[in-house]
Amino acid sequence: IGVSLGTAVYMLPGVHWLIQIVWAICTTTLLVALALTGCRNPGIVRRWPEKPPNCDHWYWSDQVGTFRPPKSQYDGDCGLIIEEFDHTCPWTGTGIGRRNMPAFTTFVSMICVCLIFDILLMVGVGGSEAHRPHEE
């Protein structure tokens, strides 16, 4: 976010308006994906002290004292069981699971896109003639 802010302040005023619009869309998508990753329920499994009916394939979890469905795991950082748990994201502080994985993959992809875009703008690709050094 800091790199994008620096790009917005120092580099965007000198580039074509179409590049500014593409940059704004990419950065907005990054911020929305970050918010969705951090605020969306990752797939928290409610506690079941008794095995639910017709769920013979569920397993007992000693960590939280509940039954859990297959492909769910205990997240020690959050203290919850999450469906299709992948990891705990250090940037958002939330568990990444079945319900917020699409937002997380969008977030990580947009970090790469925005970082490359910002670096290209900072080295002068797509800049206007006003900001380029004069050749003699």
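Here's a quick rundown of the structure.

The rules we used
- Residues numbered from 1 in each chain as written.
- Predicted model: local features only at pLDDT ≥ 70, side-chain atom pairs only at ≥ 80, totals over all residues.
- Heavy atoms only, no water.
- Axes fitted to C-alpha atoms, helices over the stretch in contact; angles between N-to-C directions.
- Helix = DSSP H or I, 4+ residues; strand = E, 2+ residues; numbered from the N terminus.
- Left-handed = near helix turned anticlockwise from the far one by under 90°.
- Contact = heavy atoms within 4.5 Å.
- Nonpolar A, V, L, I, M, F, W, Y, C, P; charged D, E, K, R; others polar.
- Expected span 1.5 Å × (residues − 1).
- Buried < 20%, exposed > 50% of the residue type's maximum accessible area, 1.4 Å probe, protein only.
- Arc of directions from axis to C-beta.
- Pairing = 2+ DSSP bridges.

**Some thoughts on the packing of helix 1 (residues 2-10) against helix 3 (residues 101-122)**
Okay, so step 1: At their nearest, the axes of helix 1 and helix 3 sit 10 Å apart, and the two run at 35° to each other. Both helix 1 and helix 3 take part in a crossing whose hand is left-handed. The segment helix 1 lies against helix 3, with V3, S4, G6 and T7 engaging C114, L115, D118, L121 and M122.
Okay, so step 2: Among the residues making up the contact of helix 1 with helix 3, the classes are represented as 5 nonpolar, 3 polar and 1 charged.

**A few points about helix 3**
Okay, so step 1: The end-to-end C-alpha distance of helix 3, which contains 22 residues, comes to 31 Å, matching closely the 32 Å that a straight helix rising 1.5 Å per residue would cover.
Okay, so step 2: Within the span of helix 3, buried status applies to A103, F104, F107, M110, C114, F117, D118 and L121. Angularly, the buried residues of helix 3 cover 150° about the axis, an arc narrow enough to put them on a single face.
Okay, so step 3: Each element contacted by the buried residues of helix 3 is listed here: helix 1, helix 2 (17-39), strand 5 (87-88) and strand 6 (95-96).
Okay, so step 4: One or two steps after helix 3, the chain reaches G124, where phi turns positive at roughly 100°.

**Regarding the environment of L31**
Okay, so step 1: Along the chain, L31 turns up in helix 2.
Okay, so step 2: Overall, the relative accessible area of 40% leaves L31 in the partly exposed class.
Okay, so step 3: Considering only alpha carbons, one finds L31 and M110, 79 residues apart in sequence, at a separation of 9.1 Å.

**Structural notes on the pairing of strand 4 (residues 80-83)**
Okay, so step 1: Where strand 3 (residues 72-75) lies against strand 4, 4 bridges are found, and the strand directions are antiparallel. Across the sheet, D75 pairs through a bridge with L80, a residue of strand 4.
Okay, so step 2: Where strand 3 folds back onto strand 4 in an antiparallel hairpin, the turn is made up of 4 residues, including G79, whose phi is positive at roughly 75°.

Geometric descriptors of this kind do not, in isolation, establish any biological role.
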